[in-house]
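Listed here are the chains, written in short residue letters.
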Amino acid sequence: MMENIKYLPSGDSALVMEFGNEISKEINASISQVVNYLKDEKLNGIVDILPTYRSILINYDPRVFTFDELVEKLDSIEIADTNLSDGNVRLIEIPTLYGGEYGPDISNVAENAGLSEDEVIKIHAGVDYLVYMMGFLPGFTYLGGLDERIATPRLSSPRLKIVPGSVGIAGTQTGMYPLESPGGWQLIGRTPVKLYDPSNPESPVFINAGDYIRYVSVDEQTYNKILEEVNAGTYKVNIKEVKRGELRG
């Protein structure tokens, strides 16, 4: 039985499991356990599972579960105490070309922080970021762990179009745009990796909540080489399993 979790109805066929009122790695670890359990069990009647920073939205078939029956099932899940220095996680390396036309706002971030652009790049690429949740576009990542030295407010006037693969900062968050869209994040770089691939219906998004992202700074020649491989369908994203204690930051 899980303590301190609230079960809230969301319409007549959805339920919210609320784990707390703050953003924390501990809460995220508990959310990941429940999400993994539900995915592994493949329970009949569970339609969709959407983890957020501090909760899970579960869409269910009311012909299979009543709200109370689903609460009883969820409340029986055992959540182990999580030692954030133990266990393994998926670490995904994202090659990124910083600055210039690829990161037109990096000068804003540097000026706001009182640092050089090279220092901003070194700081941003020196941390492994926890994927707290996937966002408003398919494959959009909300990442935690940004060094406060380079935290920067959003643009006062959002762009109407942002190039797919753009890496940005908004306040204390960093993340990537998988599709062309409007947005007000400060753009500091771009990855050639395709973050959302609708031609792959089984797995259009390869990043999941609970993964970690490591940005790897590359030069323009390497960026273009990777882009060619991505377009040819031959590029393989470097995804490895590492111990939590090996993560940076």
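It should be emphasised that the depicted structure is a prediction, and the values quoted were computed from it without experimental measurement. (Residues numbered from 1 in each chain as written. Predicted model: local features only at pLDDT ≥ 70, side-chain atom pairs only at ≥ 80, totals over all residues. Heavy atoms only, no water.)

Caption draft 1: Main features of the nonpolar core. Met176, Ile207, Ile213 and Tyr215 are the most contacted members of the largest nonpolar core, which totals 27 residues. Counting 21 residues, the second-largest nonpolar core is a separate cluster that includes Ile31, Val35, Ile58 and Val71. (Core = buried A, V, L, I, M, F, W, Y, C linked by side-chain atoms within 4.5 Å. Buried < 20%, exposed > 50% of the residue type's maximum accessible area, 1.4 Å probe, protein only.)

Caption draft 2: Molecular detail of the pairing of strand β12 (residues 186–190). Within β12, five of the five residues are buried, which leaves it mostly tucked inside the rest of the structure. For strand β5 (residues 88–98) and β12, the ladder comprises two bridges, and the chain directions are antiparallel. The partner of leucine 97 across the bridge, within β12, is arginine 190. In the sheet, strand β9 (residues 166–170) pairs with β12 via four bridges, with the strands oriented antiparallel. Looking at the pairing, glycine 168 lines up with leucine 187 of β12. (Helix = DSSP H or I, 4+ residues; strand = E, 2+ residues; numbered from the N terminus. Pairing = 2+ DSSP bridges.)

Caption draft 3: Local environment of the pattern of salt bridges. Using the criterion set out here, one finds nine salt bridges in the structure. A salt bridge links arginine 63 to aspartate 61, with the shortest nitrogen-to-oxygen separation between them at 3.0 Å. The residue glutamate 229 makes a salt bridge to lysine 225 at a minimum N-O spacing of 2.7 Å. Remark: lysine 225 and glutamate 229 occur in helix α5 (residues 220–232); sequence separation between them is four residues, near one turn of the helix. Note on glutamate 229: relative accessible area 23%, which makes it partly exposed. By sharing partners, the salt bridges in this structure join Asp128, Arg214 and Arg248 into a single network. (Salt bridge = Lys/Arg side-chain N within 4 Å of Asp/Glu carboxyl O.)

Caption draft 4: Region of the structure containing the domain arrangement of the protein. Split into domains, the protein comes out as domain 1 (6–76) and domain 2 (88–246). Here the C-alpha centre of domain 2 lies 28 Å away from the C-alpha centre of domain 1. Of the roughly 760 Å² buried at the junction of domain 1 and domain 2 (both faces included), carbon and sulfur atoms supply 59%. When the area that domain 1 buries against domain 2 is broken down by residue, the three leading residues are Lys25, Asn28 and Tyr53, summing to 62%. At the boundary of domain 1 with domain 2, the tally comes to zero salt bridges. For the interface between domain 1 and domain 2, the tally reads one residue pair in polar contact (both at pLDDT 80 or more). When residues in the side of domain 1 that touches domain 2 are grouped by element, the largest group, three residues, is from helix α1 (residues 25–41). Its residues assigned to classes, the side of domain 1 that touches domain 2 shows three nonpolar, four polar and one charged. (Domains from an automatic or database assignment. Buried area = accessible area lost by both parts, 1.4 Å probe. Polar contact = N/O pair within 3.5 Å; in protein donor to acceptor, adjacent residues only side chain to side chain. Nonpolar A, V, L, I, M, F, W, Y, C, P; charged D, E, K, R; others polar.)

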